[in-house]
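# Secondary and tertiary structure notes
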Protein chains: 2
Amino acid sequence: MSSNVETVRVELGDRSYDILIGEGLLDRAGAEIAARLPGIRAAVVTDETVAGLHLPKLQASLRAAGIDHATVVLPPGETTKSYSHLQTVAEAVIEARLERGDAVIALGGGVVGDLAGFAAGIVRRGMRFVQVPTTLLAQVDSSVGGKTGINSPQGKNLVGVFHQPALVLADTGVLDTLVDREFRAGYAEVAKYGLIDRPDFFEWLEANRTHVFAGGPARIRAIAESCRAKAAVVAADEREEAGARALLNLGHTFGHALEKAVRYDPARLVHGEGVSIGMALAHRFSVREGLCSGQDAGRAEAHLKAAGLPTRISEIPGPQPTVPDLMAAIGQDKKVSRGRLTFILTHGIGQSFVARDVERQAVERFLADELAEG
Amino acid sequence: MSSNVETVRVELGDRSYDILIGEGLLDRAGAEIAARLPGIRAAVVTDETVAGLHLPKLQASLRAAGIDHATVVLPPGETTKSYSHLQTVAEAVIEARLERGDAVIALGGGVVGDLAGFAAGIVRRGMRFVQVPTTLLAQVDSSVGGKTGINSPQGKNLVGVFHQPALVLADTGVLDTLVDREFRAGYAEVAKYGLIDRPDFFEWLEANRTHVFAGGPARIRAIAESCRAKAAVVAADEREEAGARALLNLGHTFGHALEKAVRYDPARLVHGEGVSIGMALAHRFSVREGLCSGQDAGRAEAHLKAAGLPTRISEIPGPQPTVPDLMAAIGQDKKVSRGRLTFILTHGIGQSFVARDVERQAVERFLADELAEG
């Protein structure tokens, strides 16, 4: 176990909390939780895959710290983010007779974190919540910032609450159990923070990408810097009201449309891959609109490619999505405000901005050309 | 239509809102909403009973104000506060393509308000919400303060969120459509505000009770004063963290236990009746503990009786609950903090306080004597 633990503070007044990032934190989870939330009881929520890999270690750590806990193990996969599993988790928490001051602990990736956080946000109108993210995507994105939710038949994440965790424990060692494709997909979100407004971080990633993938101090630093970037945006705009938080959606409007076009089939496209193509598209569209140099767009794309990520729609296996499919999905996106199209565009590496009133036809023509080029 | 409209402001920083109280407000609902929330679209949520009485008037008023709206009509009754109806409402709101800035409008009593408010709190992680309460109980209690929720198999209101409305429109004229028993039950909560910390208001109610029941300015004043009382408590302790909000539970720990003992059978006991008996019990228990004079307890009880409300457990028709039944329900109550019993007790009329660490056995002996006396 490394003693190299970075702490990132998310400043939200009386809802402020720490994110701890380091190797071997799972062994210390019980002690870290007990030190910050003395006397609590807990319900651990996880999925079958993660339970097989990491649950015994977390449970041992909770027991050693004297934290009495129930455990809920859910089926893995996106379909778990449903009303029925929300009810399952909520009722398990109530059955365990946990009170408002007790905690729901999410051990897993974004699905588990979003679902368990939503349950924690609604049982007794809000209990404490601890995130123990086990994927790179969850460590740098979904476990930070308080967005929780489930999917509805009409779309993903359309139902949920803002409910901040009391603590996030990101054990960078558990990421060694991820398959390469899942690590790469999470890396798209790491690169995103550089591309949004941290050009120095992007440059550092260009020089250190292989070390981040290999593990150790570079990985801890990349994750901590990503959490700092997200924490700064969340502190400025907790509930996505002021607009600052919208910057986190760089690559996401295009990305969501692509995910929707392949019906969220993870064999064809996972979220981080959609974001990677989406970021490349946002840069190329920005070039076309005369906002960004072709050199900067090329540099963004080259880095994503070097990380093994897709940057073109044509790289998605199977039948290509059509322009009308993509435009319909873009029109349904949550970021549509009263019918106008909002995109995150860029003036260059680390110079992203919120573009409102983007012309629908310009996007349509751009996508048609992208699909024609292949 | 009377021009006598009282406005009560609920001060909650950027979540502050107005409660308008007056006769004929339903006709002006559209105009009042459009003036405060310009450009919104809406989903009206109501139940079959209320739809028959008041929906056409609200819809006409919304149309006249140019507020495009969808309508969801639910079955009446407490069982509507379920996960499945929550999903029904959430999906109807999403299907109507409402955005975060649009509004869910609850037209009905506490069940509709709690359910619609919860849906408004979770669709797109929080939309605007307008309450149009149509029962006295909802006008003076459930529509104010932002508590929303549904029932779970383990108990009532165990799942929900705090989600403040943007506006509350309490048309005191619609209360003429309530059956006497329902008006009386709501009146228990009006009397409660006097008994908590407004002795002058209680004295005014003693002198003006029949006018409040008859309607007109006295009713408007009683409802406005009740809303002011609740607004003050909510402003001091929005999320029931500081303890002040617990005072609103005067009569509720005993009351909930009685409701649970009759399995929430409204033929035997409705919520306000449970609260009435509960308040009488809280006063008598306070006398027994040497906290309150017998005279004040007698005065509280006499007023509730004069309003046609029950004040003794023996007044509940059917088999009497047992002490173990009641104690089990009290032990499950949300107001139990880490195993200790918390009750709202009183030093006299308008002098209630939060009593923590109430001895379990003292409550047990008191209830045994109450049941023995009949």
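Conventions we followed
- Residues numbered from 1 in each chain as written.
- Chains lettered and ligands numbered in written order.
- Predicted model: local features only at pLDDT ≥ 70, side-chain atom pairs only at ≥ 80, totals over all residues.
- Heavy atoms only, no water.
- Contact = heavy atoms within 4.5 Å.
- Buried area = accessible area lost by both parts, 1.4 Å probe.
- Salt bridge = Lys/Arg side-chain N within 4 Å of Asp/Glu carboxyl O.
- Polar contact = N/O pair within 3.5 Å; in protein donor to acceptor, adjacent residues only side chain to side chain.
- Helix = DSSP H or I, 4+ residues; strand = E, 2+ residues; numbered from the N terminus.
- Nonpolar A, V, L, I, M, F, W, Y, C, P; charged D, E, K, R; others polar.
- Buried < 20%, exposed > 50% of the residue type's maximum accessible area, 1.4 Å probe, protein only.
- Domains from an automatic or database assignment.
- Axes fitted to C-alpha atoms, helices over the stretch in contact; angles between N-to-C directions.
- Parallel < 35°, antiparallel > 145°, perpendicular 65-115°, else oblique.
- Left-handed = near helix turned anticlockwise from the far one by under 90°.
- Pairing = 2+ DSSP bridges.

A few words on the interface of chain B and chain A. Opposite the 38 residues of chain B that make contact, chain A presents 38 residues. Summed over both sides, the interface of chain B with chain A buries roughly 3300 Å², with 45% coming from carbon and sulfur. Between Arg100(A) and Glu240(B) there is a salt bridge; the shortest N-O distance is 2.9 Å. For the pair chain B and chain A, the interface holds 14 residue pairs in polar contact (both at pLDDT 80 or more). Among the elements of the structure, helix H3 (83-95), helix H4 (110-122), strand E8 (155-159) and helix H12 (323-332) of chain B are those that each provide at least two residues to the side of chain B that touches chain A. The dominant element in the side of chain B that touches chain A, judged by the number of residues it contributes, is H3(B), at 6 residues. A per-class count over the side of chain B that touches chain A returns 12 nonpolar, 13 polar and 13 charged.

All names here are of chain B. Topologically, Glu6 is positioned in strand E1 (residues 6-10). For Glu6, a relative accessible area of 23% gives the class partly exposed. The residues contacting Glu6, other than those within four sequence positions of it, are Ile19, Leu20, Ile21, Ile220, Arg221, Ala224 and Arg228.

Turning our eyes to something else, we now look at unusual backbone geometry. Located in the positive-phi region is Asp357(A), a residue other than glycine, with phi close to 60 degrees. Along the chain, Asp357(A) falls in strand E11 (residues 352-358). A positive phi angle is found at Arg124(B), which is not glycine, with a value near 55 degrees. Note on placement: Arg124(B) falls in the loop between H4 and strand E6 (128-133).

Turning to the domain arrangement of chain A, a few remarks are in order. All names here are of chain A. In terms of domain boundaries, chain A breaks down into domain 1 (6-177) and domain 2 (207-373). Look at where the C-alpha atoms of domain 1 and domain 2 centre, and you get two points 27 Å apart. Tallying the contact residues gives 29 residues for domain 1 and 22 residues for domain 2. Summing the contributions of domain 1 and of domain 2, the shared interface buries around 2300 Å²; its carbon and sulfur component is 59%.

With that out of the way, let us pick up the packing of helix H3 (residues 83-95) of chain A against H3(B). H3(B) packs onto H3(A) with a crossing angle of 140 degrees between their chain directions and a minimal axis gap of 11 Å. Judged by the angle between their axes, H3(A) and H3(B) are oblique. Between H3(A) and H3(B) the crossing geometry is right-handed. Two secondary-structure elements touch here, H3(A) through Tyr83(A), Gln87(A), Ala90(A) and Glu91(A) and H3(B) through Tyr83(B), Gln87(B), Ala90(B) and Glu91(B).

Time to look at the sheet that holds strand E4 (residues 69-74) of chain A. Residues and elements named next belong to chain A. Sheet architecture is open: 7 strands sit in the order E1-E2-E9-E6-E5-E3-E4, paired in mixed fashion. In the strand order of this sheet, the two ends are held by strand E1 (6-10) and E4, each with one partner. Shown here is a sheet whose adjacent strand axes are inclined to one another by a mean of 15 degrees, direction ignored. With 4 bridges connecting them, strand E3 (residues 42-47) and strand E5 (residues 103-108) associate as parallel partners.

Turning next to the pattern of salt bridges. Residue and element names in this part refer to chain A. As enumerated under the stated definition, the model contains 54 salt bridges over all chains in all. Lys156 serves as the salt-bridge partner of Glu78, at 3.5 Å between the closest nitrogen and oxygen. In this pair, Glu78 is assigned in the loop between E4 and H3 and Lys156 in strand E8 (residues 155-159), connecting sequence segments 78 residues apart. The shortest N-O distance in the salt bridge between Lys147 and Glu240 comes to 3.1 Å. Note that Lys147 is positioned in the loop between helix H5 (136-142) and strand E7 (150-152) and Glu240 in the loop between helix H8 (217-236) and helix H9 (252-261), a separation of 93 residues in sequence. On the basis of relative accessible area, Lys147 is assigned to the partly exposed category, the value being 22%. Through salt bridges with shared partners, one network takes in Glu6, Asp197, Arg198, Glu225 and Arg228.

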